[in-house]
Amino acid sequence: MNRTFPAIFSCAIALVAPLGAAAKPQQTQAQTAAALPSYATLARQVTAAPLIIDARIRKAERLKPEESPGLAAGMVRFLIEADVSALIRGTQAMATRITYSADLPLDARGKPPKLAKQRALLFARPVPGRPAMVQLTGLQSQMNWLPALDAQVRAITKDALAADAPPAITGVGNAFHVPGSLPGEGETQVFLQTASGAPVSLQILRRPGETTRWSVSLGDIVDESAGAPAPNTFLWYRLACGLPRSLPADSVDSDDAQNAAKAREDYQFVLRSLGPCT
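No experiment lies behind these values; they were computed from the predicted model shown.

> Would you mind going over the overall build of the chain with me for this structure?
A count of helical and extended segments in the chain gives 6 helices and 10 strands. Residues classed as buried in the chain amount to 42% of the 278 residues present. Within the chain, contacts between residues at least 6 apart in sequence are counted, and of these 63% link residues at least 24 apart.

Here it is in structure tokens:
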């Protein structure tokens, strides 16, 4: 590899997760699923990466310490040359062969990983003026290719780029609880703030003798029949990973302490239903 690369590509340094061993043919579906990152991890990678590339590594040159400023202990920096097999996300013209840098951990014996001929998914951003160069977006931005991983990333990318994709949640606007005519009956509405300004709201309904249920509406019209999002969907990700852990004090619109407490209780019910953003 041309030794002028380290100087040229030093601006493309990014931290990445290690590439695992290639999947074995006899690997079971359960083992494959267990090896995949969580849905939230992949959705975060997809939304942060202007480029998602299916690539085959041709060469990986270990850089010297003086060529690796800021390198963490136990890591090694590589300058990698890879062939682009497919562009999963990205619209600009791209070279069929790209170069980027990546920081990877040494193994238990202090040896660097072997990367040549590995197939990988890269989450990256372009480098202006250099179509043959990309920069990884951050940790876990280079992943060992697996069929199930490829399928999941493509599905999330499709959902994230859809015209009606749920927007990123940036905060909570107003929240209020209205008690019903019967004891234990009531409804809480929570209006969310979004990066695009598109309206998103939550509705939590309590009825005597019935299980508390909630729904999310995308748009100006409240649709209580929409229901809650299924786990590991893009709408679930937007809510589970975007909602604050509690209602801000200035968001609760009520002069009645009991109604304000109900609004906070119902909001916590939604968070528990969604589960953690892992």
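Still more to cover.
> Explanation requested: the packing of helix α3 (residues 39-48) against helix α5 (residues 234-242) in the structure shown.
Describing two packed helices takes the angle between their axes plus the distance from one axis to the other. The interhelical angle for the contact between α3 and α5, taken along N-to-C directions, is 90°, at an axis separation of 10 Å. The pairing of α3 with α5 is recorded here as roughly perpendicular in orientation. Taking contact as the criterion, the partners of Tyr-39, Ala-40, Ala-43, Arg-44 and Thr-47 in α3 are, on α5, Phe-234, Trp-236, Tyr-237, Arg-238 and Cys-241. Grouping the constituent residues of the contact of α3 with α5 by class yields 7 nonpolar, 1 polar and 2 charged.

> Honestly, unusual backbone geometry in this entry has me stumped. Any pointers?
Phi is mostly negative for residues that are not glycine, and the peptide bonds are mostly trans. Even without glycine at this site, Lys-117 takes up a positive phi of about 75°. Its location among the elements puts Lys-117 in the loop between β3 (97-105) and β4 (119-127). Assessed through its relative accessible area of 68%, Lys-117 is described here as exposed. Its identity as a non-glycine residue notwithstanding, Asn-232 has a phi of 55°, on the positive side. Residue position: Asn-232 is located in the loop between β10 (213-218) and α5.

> Is there a simple way to think about the packing of aromatic side chains in this case?
A ring pair, where both rings are aromatic, is described by two values, the distance of the centres and the angle of the planes. The tally for this structure, following the rule as stated, stands at 3 aromatic pairs. Note on Tyr-39 and Trp-236: the rings are 6.2 Å apart at their centroids and 75° apart in plane angle, and the pair reads as edge-to-face. Linking Tyr-39 in helix α3 with Trp-236 in helix α5, this pair joins segments that are 197 residues apart in sequence. Each member of the pair, Tyr-39 together with Trp-236, is buried. Here the basic side chain of Arg-119 rests over the ring of Trp-145, its NZ or CZ set 3.6 Å away from the ring centre.

> What exactly am I supposed to notice about helix α6 (residues 257-274) here?
An α-helical turn contains 3.6 residues, so a residue and the one three or four places further along point in the same direction. Relative to the 26 Å expected for 18 residues at 1.5 Å per residue, α6 spans 26 Å between its end C-alpha atoms, a close match to the ideal helical length. Of the residues making up α6, those classed as buried are Asn-259, Ala-260, Ala-263, Asp-266, Tyr-267, Phe-269, Val-270, Leu-271 and Leu-274. Structurally, α6 contributes buried residues whose contacts are with β7 (169-179), β8 (186-194), β9 (200-206), β10 and α5. For α6, the side-chain oxygen to backbone nitrogen distance between the N-cap and Gln-258 is 2.8 Å, and the N-cap itself is Asp-256. Following α6 by one or two positions, Gly-275 has its phi on the positive side, about 85°.

> For this particular structure, what's the right way to read the sheet that holds β7?
Where strands meet in a sheet, backbone hydrogen bonds hold them as pairs that are either parallel or antiparallel. The sheet built from 4 strands is open, its strands ordered β7-β8-β9-β10 with antiparallel pairing. Edge positions in the sheet fall to β7 and β10, since each of these pairs with one other strand and no more. Strand after strand, the sheet turns through a mean of 15° between neighbouring axes, direction not considered. Judged from the 6 bridges that link them, β9 and β10 form a sheet pairing that is antiparallel. Across the sheet, Ile-204 pairs through a bridge with Trp-214, a residue of β10. Packed onto the sheet, α5 meets β7, β8, β9 and β10 and runs at close to 105° relative to β10. Lying over the sheet, α6 contacts β7, β8, β9 and β10, oriented at roughly 125° with respect to β7.

> Teacher, can you tell me more about the environment of Ala-116 here?
Within the secondary structure layout, Ala-116 lies in the loop between β3 and β4. Separated by 56 residues in the primary sequence, Ala-116 and Ala-60 have C-alpha atoms spaced 6.3 Å apart. Apart from the residues lying within four places of it in its own chain, the contact partners of Ala-116 are Ile-57 and Arg-58.

Reading the values: the criteria
- Per chain, residues are indexed from 1 in the order of the written sequence.
- This being a predicted model, a pLDDT of at least 70 is required before a residue's local features are given, and a value of 80 or more before pairs of side-chain atoms are given or counted; all residues contribute to the totals for chains, interfaces and linings.
- No hydrogens and no water enter the side-chain calculation; it runs on all heavy atoms of the structure.
- Numbering goes from the N terminus for both helices and strands, where a helix is a DSSP run of H or I of at least four residues and a strand is a run of E of at least two.
- Three labels apply to residues, based on accessible area from a 1.4 Å probe with only protein chains included: buried if under 20% of the type maximum, exposed if over 50%, partly exposed otherwise in between.
- Contacts are assigned to residue pairs with any non-hydrogen atoms lying within 4.5 Å of each other.
- Orientation is described by axes fitted as lines to C-alpha atoms, over the contacting stretch for helices, and by angles from 0 to 180 degrees between their N-to-C directions.
- Oblique is the label for every angle not falling under 35 degrees (roughly parallel), over 145 degrees (roughly antiparallel), or within 65 to 115 degrees (roughly perpendicular).
- Under the scheme applied here, ten amino acids are nonpolar (Ala, Val, Leu, Ile, Met, Phe, Trp, Tyr, Cys and Pro), four are charged (Asp, Glu, Lys and Arg), and all others, including Gly, are polar.
- Put simply, two rings from Phe, Tyr or Trp (the six-membered ring, in Trp's case) pair if the centres are within 6.5 Å, and we call them stacked under 30 degrees between planes, edge-to-face over 60, tilted for the rest.
- Here, a charge over a ring means that NZ of Lys or CZ of Arg falls within 6 Å of the ring centre while also lying within 35 degrees of the ring normal.
- Helices are assigned an expected span. That span is 1.5 Å times one less than the residue count.
- N or O atoms closer than or at 3.5 Å make up a polar contact, with two conditions inside protein: a donor-capable atom paired with an acceptor-capable one, and, for residues adjacent in sequence, both atoms drawn from side chains.
- Two strands are said to pair when DSSP picks up at least two bridges between them.

The values reported here are purely geometric and, on their own, carry no functional implication.
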